[in-house]
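# Observations on the three-dimensional arrangement
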Amino acid sequence: MLTSLFIGMVSVQLIVLVLILHGIGSLSDNGPLVIDYYKESCPHLEQIVQRNVEIAVLREPRMAASLLRLHFHDCFVLGCDASVLLDNSESIVSEKQAGPNKNSLRGFDVIDEIKHTLEEACPLTVSCADILALAARDAVVLRGGHRWDVHFGRRDSIKASLEGANKFLPAPNSSLEILVANFQQHGLDTQDLVALSGSHTIGKSRCFTFRQGIYHDEEQFHLKRDTTYQEILRSLCPESGNDDELAPLDSATPARFDNLYYHNIIQGQGLLISDNVLVSEDVGGDIRKLVWNFANDQDFFFHSFGNSMIKMGSINVLTGEEGEIRRNCRFVNTK
């Protein structure tokens with residue numbers, strides 16, 4: 001009996017070793033996704049993506065926030081499957097036309113360049129969905145955030161959902177109740193909500209998206225804005241016109257990934273309604289407590305943000321024989 005048990009244990013170990021040697025990756029607690037999925041099949045993946053993201057962010061610092069947002073907008077519609085990258089075609093109605101994305105979502109050219117380079121280095125190997133996840137991580141690190149391990153093995157969708165993009169992406173004027181429900185639909189809890197909201201420590205937003213909060217909805221959302229900050233916003237964004245005028249999401253350190261976003265919303269200096277409601281609408285106090293904890297401990301925020309990004313990055317992923325590995329991230333493969 002002991003001999004049989006020993007043989008069984010050796011067999012399991014050999015199976016694991018074979019999987020790793022064939023590039024399927026080491027086992028992890030992140031479901032079907034693994035850290036070293038491309039170790040054998042595309043060993044220079046991370047260096048290629050990092051280099052391209054560095055060039056893009058050096059050229060335009062705001063691109064870091066755009067690449068992070070691109071991954072978020074992908075995962076919240078159908079799952080992390082690169083459906084957000086698909087252009088219109090005979091069979092596809094692009095998610096780029098959705099209200100939250102149109103004339104707003106950026107970074108597609110950066111992903112195109114990364115994909116082109118990877119197709120030369122390791123053809124038909126790395127999915128566009130995995131590129132999005134890795135580019136988002138590298139963008140955060142370049143702006144001062146901490147590194148987290150990206151898990152790989154996603155495959156690309158052969159469809160898009162314009163309806164889903166209009167339905168599932170949280171609006172900038174969302175109430176706390178709507179935000180919590182939206183995140184729960186995707187398997188994310190309130191700590192994930194507060195941590196991922198911290199992505200607003202970098203980037204900018206258009207007047208069109210924050211006008212409502214500085215003129216009309218203070219009582220409805222119990223907002224207590226800093227009066228000087230509100231006047232600054234009103235000078236940038238009148239009640240009509242200037243829709244595309246930009247304001248930083250984090251007025252303190254707009255180009256650095258840190259925890260000052262949480263200081264801002266505590267002080268009534270959050271740009272969007274969806275930022276401020278984390279404090280103003282939290283009747284129970286648990287969410288407000290998380291905001292304070294992140295404001296007081298940047299390392300705790302960084303750790304939580306990384307964990308929540310890993311969790312978000314596994315939403316409804318396609319793996320195995322599902323979907324495909326696109327040659328061009330903008331189009332499904334032709335048969």
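Residues numbered from 1 in each chain as written. Predicted model: local features only at pLDDT ≥ 70, side-chain atom pairs only at ≥ 80, totals over all residues. Heavy atoms only, no water.

As recorded by an unreviewed UniProt entry, the protein chain carries the name Peroxidase and is attributed to Rhododendron simsii. Database annotation for the protein chain, UniProt heading Catalytic activity (unreviewed entry): "2 a phenolic donor + H2O2 = 2 a phenolic radical donor + 2 H2O". Looking at the Subcellular location (unreviewed entry) heading of the UniProt record, one finds this comment for the protein chain: "Secreted". (UniProt positions renumbered as here; feature names shortened; annotations may be inferred.)

### A look at the side chain of Ser274
Secondary-structure assignment places Ser274 in helix H12 (residues 273-280). Beyond its immediate sequence surroundings of up to four residues, Ser274 is in contact with Ala171, Pro172, Ser174 and Leu179. (Helix = DSSP H or I, 4+ residues; strand = E, 2+ residues; numbered from the N terminus. Contact = heavy atoms within 4.5 Å.)

### Some remarks on the packing of helix H8 (residues 190-197) against helix H13 (residues 286-296)
Closest axis-to-axis distance for the H8/H13 pair is 10 Å, and the angle between their directions is 45 degrees. With respect to each other, H8 and H13 are oriented oblique. Judged by the twist between their axes, the crossing of H8 over H13 is right-handed. Contact residues: Thr190, Gln191, Val194 and Ala195 in H8; Ile287, Leu290, Val291 and Phe294 in H13. Among the residues making up the contact of H8 with H13, the classes are represented as six nonpolar, two polar and no charged. (Axes fitted to C-alpha atoms, helices over the stretch in contact; angles between N-to-C directions. Parallel < 35°, antiparallel > 145°, perpendicular 65-115°, else oblique. Left-handed = near helix turned anticlockwise from the far one by under 90°. Nonpolar A, V, L, I, M, F, W, Y, C, P; charged D, E, K, R; others polar.)

### Description of the environment of Asn166
Relative to the elements of secondary structure, Asn166 occurs in helix H6 (residues 162-168). In this structure, Asn166 is in contact with Ala98, Gly99 and Pro100, ignoring residues within four places of it in sequence. In this structure the side chain of Asn166 is engaged in a polar contact, spanning 2.8 Å, whose partner is the backbone nitrogen of Gly99. (Polar contact = N/O pair within 3.5 Å; in protein donor to acceptor, adjacent residues only side chain to side chain.)

### Quick look at the UniProt feature "binding site: Ca(2+) 2" (unreviewed entry) in the protein chain
Per the UniProt record, the feature "binding site: Ca(2+) 2" (unreviewed entry) sits at Thr201, Asp250, Thr253 and Asp258. A stretch of 58 residues holds the annotated residues, and the largest C-alpha distance among them is 9.7 Å, short enough that they meet in one place. On the basis of relative accessibility, which here comes to 0%, the residue Asp250 falls in the buried class. In this structure Asp250 touches His200, Thr201, Asp258, Leu260, Tyr261 and Asn264, once residues within four positions along its chain are discounted. (Buried < 20%, exposed > 50% of the residue type's maximum accessible area, 1.4 Å probe, protein only.)

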